[in-house]
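The lines below spell out each chain.
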Amino acid sequence: MSDAQPTSSAPVLEVEDVTKRFGGVQALRGVSLAIRPGRVHAVIGENGAGKSTLMKIMAGVLAPDSGRLLVDGRPVELRSVQAALGHGIALIHQELNLCDNLDVGANIFLGREPRRWGTIDFAAIGQDAKKYLDAVGLNVPPDTLVGELTIAQQQLVEIAKALSVGGRVLIMDEPTSSLSQREVDALFAIIDKLRDEGAAIVYISHRLAEVQRLADEVTVLRDGEIAGRLQRHEINHDSLVQLMVGRDISQFYARRPHEVGEPVLEVRGLRTQAWPQHAVDLTVRRGEMVGLAGLVGAGRSELLRAIFGVDVPVAGHVRLHGKLLPTGRCRAAIEAGLALVPEDRKQQGLILPMAVRTNIGLPGLARHKIAGAILNRRREAEDTRRMIDAMRIKTSSPRQAVQNLSGGNQQKVVIGKWLAMDPWCLLLDEPTRGVDIGAKQEIYRLMEELAERGVAILFASSEMEEVISMSDLVVVMHEGQVMGELVGEQITEEAIMHLATGNTAATTGV
Ligand SMILES: Nc1ncnc2c1ncn2[C@@H]1O[C@H](COP(=O)(O)OP(=O)(O)OP(=O)(O)O)[C@@H](O)[C@H]1O
Ligand SMILES: [Mg+2]
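Residues numbered from 1 in each chain as written. Chains lettered and ligands numbered in written order. Predicted model: local features only at pLDDT ≥ 70, side-chain atom pairs only at ≥ 80, totals over all residues. Heavy atoms only, no water.

1. A word on the site of ligand 1
Working step 1: Contacts to ligand 1 come from 19 residues, most closely from G48, K51, T53, S406 and G408.
Working step 2: S52 is positioned with one of its side-chain polar atoms (N or O) 2.9 Å from an oxygen atom of ligand 1.
Working step 3: At 3.0 Å, a backbone N or O of N404 approaches an oxygen atom of ligand 1.
Working step 4: The fraction of the free accessible surface of ligand 1 (650 Å²) that becomes covered by protein chains is 89%.
Working step 5: Secondary-structure elements contributing two or more residues to the shell around ligand 1 are strand 2 (25-35), helix 1 (51-58) and helix 14 (407-419).
Working step 6: When residues of the shell around ligand 1 are assigned to their parent elements, the largest contribution, three residues, is made by helix 1.
Working step 7: Of the residues in the shell around ligand 1, the class split is five nonpolar, 11 polar and three charged.
Working step 8: Each of domain 1 (13-245) and domain 3 (353-422) gives at least three residues to the shell around ligand 1. (Near = heavy atom within 4 Å. Polar contact = N/O pair within 3.5 Å; in protein donor to acceptor, adjacent residues only side chain to side chain. Areas by Shrake-Rupley, 256 points an atom, 1.4 Å probe, with all protein chains shown as cover. Helix = DSSP H or I, 4+ residues; strand = E, 2+ residues; numbered from the N terminus. Nonpolar A, V, L, I, M, F, W, Y, C, P; charged D, E, K, R; others polar. Domains from an automatic or database assignment.)

2. What about the sheet that holds strand 6 (residues 89-92)?
Working step 1: Strand order in the open sheet made by the six strands is 6-9-10-3-11-12, with mixed pairing throughout. Each end of this open sheet is capped by a strand with a single partner; those strands are strand 6 and strand 12 (225-231). Strand-to-strand twist of the sheet, defined as the mean angle between neighbouring strand axes without regard to direction, takes the value 20 degrees.
Working step 2: Pairing of strand 9 (residues 169-173) with strand 10 (residues 200-204) involves five bridges; the strand directions are parallel. Counterpart to M172 in the pairing with strand 10 is Y203.
Working step 3: Sitting on the sheet, helix 5 (residues 151-164) touches strand 6 and strand 9, and the angle it makes with strand 6 is about 175 degrees. (Pairing = 2+ DSSP bridges. Axes fitted to C-alpha atoms, helices over the stretch in contact; angles between N-to-C directions. Contact = heavy atoms within 4.5 Å.)

3. Considerations on the pattern of salt bridges
Any two side chains of opposite charge can pair if their charged atoms end up close together.
Working step 1: Scanning the entire structure with this criterion turns up 22 salt bridges.
Working step 2: Residue D192 is joined to R213 by a salt bridge in which the shortest nitrogen-to-oxygen separation is 3.0 Å. You can see D192 sitting in helix 6 (residues 181-196) and its partner R213 sitting in helix 7 (residues 208-214), a full 21 residues away along the chain.
Working step 3: In this structure D192 comes out as partly exposed when scored by relative accessible area, which is 22%.
Working step 4: Of the residues examined, R213 reaches a relative accessible area of 40% and is grouped as partly exposed. (Salt bridge = Lys/Arg side-chain N within 4 Å of Asp/Glu carboxyl O. Buried < 20%, exposed > 50% of the residue type's maximum accessible area, 1.4 Å probe, protein only.)

Okay, here's the thing in structure tokens:
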């Protein structure tokens, strides 16, 4: 279109002056963007800035209110996902989109199954699927059910699917939020390879280190507008943060020291169904923050779920303030003052079609029902208002359906819902997943306030900085077993990694 430099290749996909409104929310306002082959283009911004909305428009999921899209310099209308795929544009969603009950091959070819004599040619699916699975380094038979794969593997299936349509533009919306470090490295290797082969990658992440590692250029969105653009040599932590939030935020949270009191949560001899061979003992005291560290798959979520009683433990027991909790009954646990903010908000934390307000009122609802009382709507409204303010949840109204909030804001609703209960002991599983750096600090501040008020906090986290800066005590797990505990000066990245990879405490000098 314009006189582009001969050195930089022509864009495959351009977004021109795009606007999108949802009811009272202006999600995008005059956004323009050029995506070029052989480059990784990162799009960053705070929760609710409009990133996913922009990606959905580029991939034919949503239509813009105004503005236009160009492919290879020619205006196109992407009326559907199929239409976008036809142009080689594929979106790997923030919330994965595969059909659990279909096998891998069927997912890759969903809606365009190769046919022979009028029927679906399963042999061809198997062969073709294998080719694309090899390309992304996923070593599973094509007839494996998607529901049986890990999230990392499901993501690779999505990428294989995109490649199978001859994808030239691959859009990845927070692809690493549920991956272990090893899986992240594998994904980055694939991204590097695809880039070298000339694919255009659009990459969204709240992890600025990833953006620095991958991006050739960065576009920053703020409140639906372009806040700035950076080229490779301008990309660093401070420039990214400054453009994103308009102020400096330290990478680390500075905690205020406070008193730790008597034991609140006592876990004794607990054996989970996932790792029945290992008995877990741990104690969380009044006002204490205990970080549960380990690699993905170390058994942290299973442990939290067994403590809370969503899963029935094989053996062992849990006491709260000395009182024995009945095993495998989370309702009793809630009544006793225990709360769990789960890992997977989509499956365990929220009822997506219901209002923000109803979701925040949910645990309370159970309590009111048990008491045989009528639901107190005014209390619910008050709780909701308090939480929306305290956590700066970006929603047009408390009546907004949770599924219409941005990913990070949904996470805040999950946390808000449990905080509204005023628990004695709060269990959190990956509390800041998908949350922007500003909101992360909000969540840390809330956790600290709760601890200062005497709440005992046990949180699992895969983010090293989070574990190190927020924990009074770190409990490190490996394959369902507690490998060691670290306090004070002992809490270092090296010591945590040493234990997390299955070594015992001896050589760390603990
Ligand atoms: N279907 C919808 N209905 C109503 N509002 C919506 C809908 N989809 C998005 N929004 C609103 O548009 C704004 C932008 O949302 P979007 O999902 O694009 O944010 P995001 O930048 O991806 O955030 P996050 O980092 O939290 O994923 C938010 O305020 C969100 O609540
Ligand atoms: Mg998003």
